[in-house]
Amino acid sequence: MNILEKQSCPECRSSLVDDMQNGEIICSGCGVVVDDQISDFGPETISSSFEDKMKLARATGQTTYSQHDLGITTEISISTKDFSGKTINHDVANQMHNLRKWQQRVRVSSPRERRLANVLTKMGETCDGLNLSKNVLETASMIYRNLDGHIDVKGKSVASITAATIYMACKQCEVVRSLEEIIRGICPPKDVKSKTKLAARYYRTMVMEMGQLTAPVVTMDKYISKIANMTQTEVRVERLALEIAEKTKGSSIADGKAPNGIAAAYLYVASVLLGQNVLQRDVSSIAGVTEVTIRNRCKEILTFYKLKITLRPSLAKY
């Protein structure tokens, strides 16, 4: 029976009252429980789209390893308005401020929790700055949580241990990021060299102590996609570069050479064939190689390999 159709009590014809705390509909006259275990139609049910529903949601319903409390604790808002939009008076606002302050102190009461909260916060900021996916952030958070019992992280540099953990997560998720790139997203330029060396030492220790499995091999298409995304190259240029790399697959052109330079050369050759104005200066700065390196790699590709490329209509058209 639909509760929306009930306008009066079936016994005494009195009006009905919704007891949302107990999930019951009772009669205001005789007290008969007309219905029980009713759904709580809160603010998240008034919208039809998923985005609006998530904005109005009072709880996420899921946990995350990127927060030290797994995201299941209650957060006291810093807003000066209540749920209905009315302004809170001064005394209540001060009381809420004190409650918020003591909640933050109690939540990270031990040094271990405080250290975990600092590292996970730094991880979230770094992944956001480097445009890394949530999968990488969750993987890095799980790796750091598993360090307990294998490596003593007490006294270690927060920036370096964060970079080493994110670097290991990137390898597991097959995301191309160098350790120096991650460090540049954490530290100022003057500390990049020293922090990179320290993070590399932490990473080697993590691999040896935790028995990390062999990381997946990063293929050339990963480097091409990375440079194409960072330079905002058109998709058709990236596709053609991947086809050229596939045609020269198995050759010795990349032996002893930096993969960034080869990938940048593939992209530059593809852009020239498609008539796109891609500057060597822009590609070289993103790839981390010089313009001379890109020209040399392009010369090797075009000199030693005679490629016959037929542009499909999807690639030839703008």
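Residues numbered from 1 in each chain as written. Predicted model: local features only at pLDDT ≥ 70, side-chain atom pairs only at ≥ 80, totals over all residues. Heavy atoms only, no water.

Going by an unreviewed UniProt entry, the protein carries the name Transcription initiation factor IIB and comes from Candidatus Nitrosopumilus salarius BD31. Turning to the protein, the UniProt annotation filed under Sequence similarities (unreviewed entry) states: "Belongs to the TFIIB family." (UniProt positions renumbered as here; feature names shortened; annotations may be inferred.)

Caption draft 1: Structural view of the overall build of the protein. Secondary structure assignment for the protein yields 13 helices and 3 strands. The 318 residues of the protein split such that 32% are buried. Of the contacts made within the protein by residues no fewer than 6 positions apart, 60% connect residues no fewer than 24 positions apart. Entry remark: accessible area of the protein is about 20500 Å², with carbon and sulfur atoms responsible for 51%. (Helix = DSSP H or I, 4+ residues; strand = E, 2+ residues; numbered from the N terminus. Buried < 20%, exposed > 50% of the residue type's maximum accessible area, 1.4 Å probe, protein only. Contact = heavy atoms within 4.5 Å. Areas by Shrake-Rupley, 256 points an atom, 1.4 Å probe, with all protein chains shown as cover.)

Caption draft 2: Quick look at the pairing of strand S3 (residues 33–36). Pairing analysis gives 3 bridges linking strand S2 (residues 24–27) to S3, with the strands arranged antiparallel. What sits directly across from Ile 25, in S3, is Asp 35. Between S2 and S3, which pair antiparallel and follow one another directly, the connecting turn spans 5 residues, one of which, Gly 31, has a positive phi of 80°. (Pairing = 2+ DSSP bridges.)

Caption draft 3: Geometry of the packing of aromatic side chains. The final tally for this structure, using the stated rule, is 1 aromatic pair. The interplanar angle of 70° and the centroid separation of 5.0 Å between the aromatic rings of Tyr 167 and Tyr 203 together place this pair among those described as edge-to-face. Of this pair, Tyr 167 sits in helix H5 (residues 158–172) while Tyr 203 is found in helix H7 (residues 192–210), placing the two residues 36 residues apart along the sequence. (Phe/Tyr/Trp six-rings, centres within 6.5 Å; stacked < 30°, edge-to-face > 60°.)

Caption draft 4: Representation of the pattern of salt bridges within the structure. Counted under the stated rule, the structure contains 3 salt bridges. In this structure, Arg 184 and Glu 180 form a salt bridge, with 2.7 Å as the shortest nitrogen-oxygen distance. Pair noted here: Arg 184 and Glu 180 are both in helix H6 (residues 179–184), with a separation of 4 residues, about one helical turn. (Salt bridge = Lys/Arg side-chain N within 4 Å of Asp/Glu carboxyl O.)

Caption draft 5: View of the confidence of the model for the protein. A residue-level look at the protein finds 76% of positions with pLDDT of 70 or above and a mean pLDDT of 76. A low-confidence stretch, residues 1–6 (pLDDT under 50), is modelled with 8 contacts involving residues beyond four sequence positions or located in other chains. (pLDDT = per-residue confidence, 0-100.)

Caption draft 6: Summary view of the packing of H5 against H7. At a minimum axis separation of 8 Å, H5 and H7 run at an interaxial angle of 55°. Here H7 runs oblique to H5, going by the angle between their axes. Note on packing geometry: the crossing formed by H5 with H7 is right-handed. Of the residues in H7, those in contact with Ser 160, Ile 161, Ala 163, Ala 164, Thr 165, Tyr 167, Met 168 and Lys 171 of H5 are Lys 195, Leu 198, Ala 199, Tyr 202, Tyr 203, Met 206 and Val 207. (Axes fitted to C-alpha atoms, helices over the stretch in contact; angles between N-to-C directions. Parallel < 35°, antiparallel > 145°, perpendicular 65-115°, else oblique. Left-handed = near helix turned anticlockwise from the far one by under 90°.)

Caption draft 7: The arrangement of the nonpolar core in detail. If you look at the biggest cluster of nonpolar residues, it comprises 35 residues, and the most contacted ones within it are Met 123, Tyr 144, Ile 166 and Met 206. Breaking this core down by element, the ones donating at least two residues are helix H3 (111–129), helix H4 (134–145), H5, H6 and H7. Here this core gets 9 residues from one element, more than from any other, and that element is H5. Those residues within four positions of Tyr 144 in sequence are excluded, and the remaining contacts are Arg 115, Leu 116, Val 119, Met 123, Val 153, Ile 161 and Thr 165. Tyr 223, Ala 228, Ala 245 and Ala 264 belong to the second-largest nonpolar core, a separate cluster that totals 25 residues. (Core = buried A, V, L, I, M, F, W, Y, C linked by side-chain atoms within 4.5 Å.)

Caption draft 8: Focus on the packing of H4 against H5. Contact pair H4 / H5: the axes reach a minimum separation of 8 Å and the direction vectors enclose 120°. In terms of orientation, H4 and H5 fall into the oblique class. For the element pair H4 and H5, the recorded crossing hand is right-handed. Between H4 and H5, the residues in contact are Val 136, Thr 139, Ala 140, Ile 143 and Tyr 144 and Ile 161, Thr 165, Ile 166, Met 168, Ala 169, Cys 170 and Gln 172, respectively. In the contact of H4 with H5, the residues fall into 9 nonpolar, 3 polar and no charged. (Nonpolar A, V, L, I, M, F, W, Y, C, P; charged D, E, K, R; others polar.)

Caption draft 9: Molecular detail of the sheet that holds S2. Within the open sheet, the 3 strands sit side by side as S1-S2-S3. Their pairing is antiparallel. Strands at the two margins of the open sheet, each flanked by one partner only, are strand S1 (16–19) and S3. Averaged over neighbouring strand pairs, the angle between their axes works out to 20° when direction is ignored.

Caption draft 10: Here's a closer look at helix H8 (residues 220–230). For H8, the set of buried residues is Tyr 223, Ile 224, Lys 226, Ile 227 and Ala 228. Tucked into the core, H8 has its buried residues touching H6, helix H9 (235–247), helix H10 (259–273) and helix H11 (280–287). Phi turns positive one or two residues past the end of H8, at Gln 232, with a value near 55°.

Caption draft 11: How the structure looks around unusual backbone geometry. A positive phi angle is found at Arg 13, which is not glycine, with a value near 60°. On the secondary structure map, Arg 13 appears in the segment before S1. Backbone geometry at Asn 131 places phi at a positive 55°, although glycine is not the residue there. Position of Asn 131 relative to the elements: it lies in the loop between H3 and H4. Its relative accessible area of 68% is what places Asn 131 among the exposed residues.

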